[in-house]
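Inside the fold
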Amino acid sequence: MDIFGFFKKKSGSKDTAKDRLKLILMHDRGDVSPELLENIKNDILEVLRRYVEVDADQELDLQITQTDSEYGSVPALVANIPIKKKK
């Protein structure tokens, strides 16, 4: 699976369906439903917009992954949010 190619815009319903399936599988592995992840994303954006201007033209990327720590494997929230400027 090409991580960088995953987030590029693709055309066609086949590619769209394939990307959606990959997202669902990633969320299932993180034990987080897509609805919950969308709610988290909206809450984070709401708070960020109080302090910075978020670039709506660029794609926002939010993922739940597993990381290793001294407590074992723990979930981690990874966000890539394009910011235009501070308010």
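Taking an unreviewed UniProt entry as the reference, the chain is identified by name as Cell division topological specificity factor belonging to Proteiniclasticum aestuarii. UniProt lists a comment for the chain under the heading Function (unreviewed entry), and it reads "Prevents the cell division inhibition by proteins MinC and MinD at internal division sites while permitting inhibition at polar sites. This ensures cell division at the proper site by restricting the formation of a division septum at the midpoint of the long axis of the cell."

Focus on the pattern of salt bridges
The final tally for this structure, using the stated rule, is four salt bridges. A salt bridge links E46 to R50; the shortest N-O distance between them is 4.0 Å. Where K85 meets E53, a salt bridge forms, and the shortest distance between an N and an O atom there is 3.9 Å. One end of the pair, K85, is in strand β4 (residues 83–86); the other, E53, is in strand β1 (residues 52–54), with 32 residues separating them in the sequence. The network of salt bridges with shared partners includes E53, K84 and K85.

Focus: the environment of Y51
Along the polypeptide, Y51 turns up in the loop between α3 (34–48) and β1. Through-space distance from the C-alpha of Y51 to that of K85 is 9.1 Å; in sequence the pair is 34 residues apart. The residues touching Y51, leaving out its near neighbours within four places in the chain, are K86 and K87.

Overview of the side chain of D55
Relative to the elements of secondary structure, D55 occurs in the loop between β1 and β2 (61–69). Here D55 occupies a buried position and makes no salt bridge, while the nearest side chain of opposite charge, K84, is found at 4.2 Å. In terms of polar contacts, D55 uses its side chain to reach the side chain of Q58, at 3.3 Å. Once residues within four sequence positions are removed from consideration, D55 is found in contact with P82, I83 and K84.

What counts, and at which threshold
- Residues numbered from 1 in each chain as written.
- Predicted model: local features only at pLDDT ≥ 70, side-chain atom pairs only at ≥ 80, totals over all residues.
- Heavy atoms only, no water.
- UniProt positions renumbered as here; feature names shortened; annotations may be inferred.
- Salt bridge = Lys/Arg side-chain N within 4 Å of Asp/Glu carboxyl O.
- Helix = DSSP H or I, 4+ residues; strand = E, 2+ residues; numbered from the N terminus.
- Contact = heavy atoms within 4.5 Å.
- Buried < 20%, exposed > 50% of the residue type's maximum accessible area, 1.4 Å probe, protein only.
- Lys, Arg positive; Asp, Glu negative; His and termini not counted.
- Polar contact = N/O pair within 3.5 Å; in protein donor to acceptor, adjacent residues only side chain to side chain.

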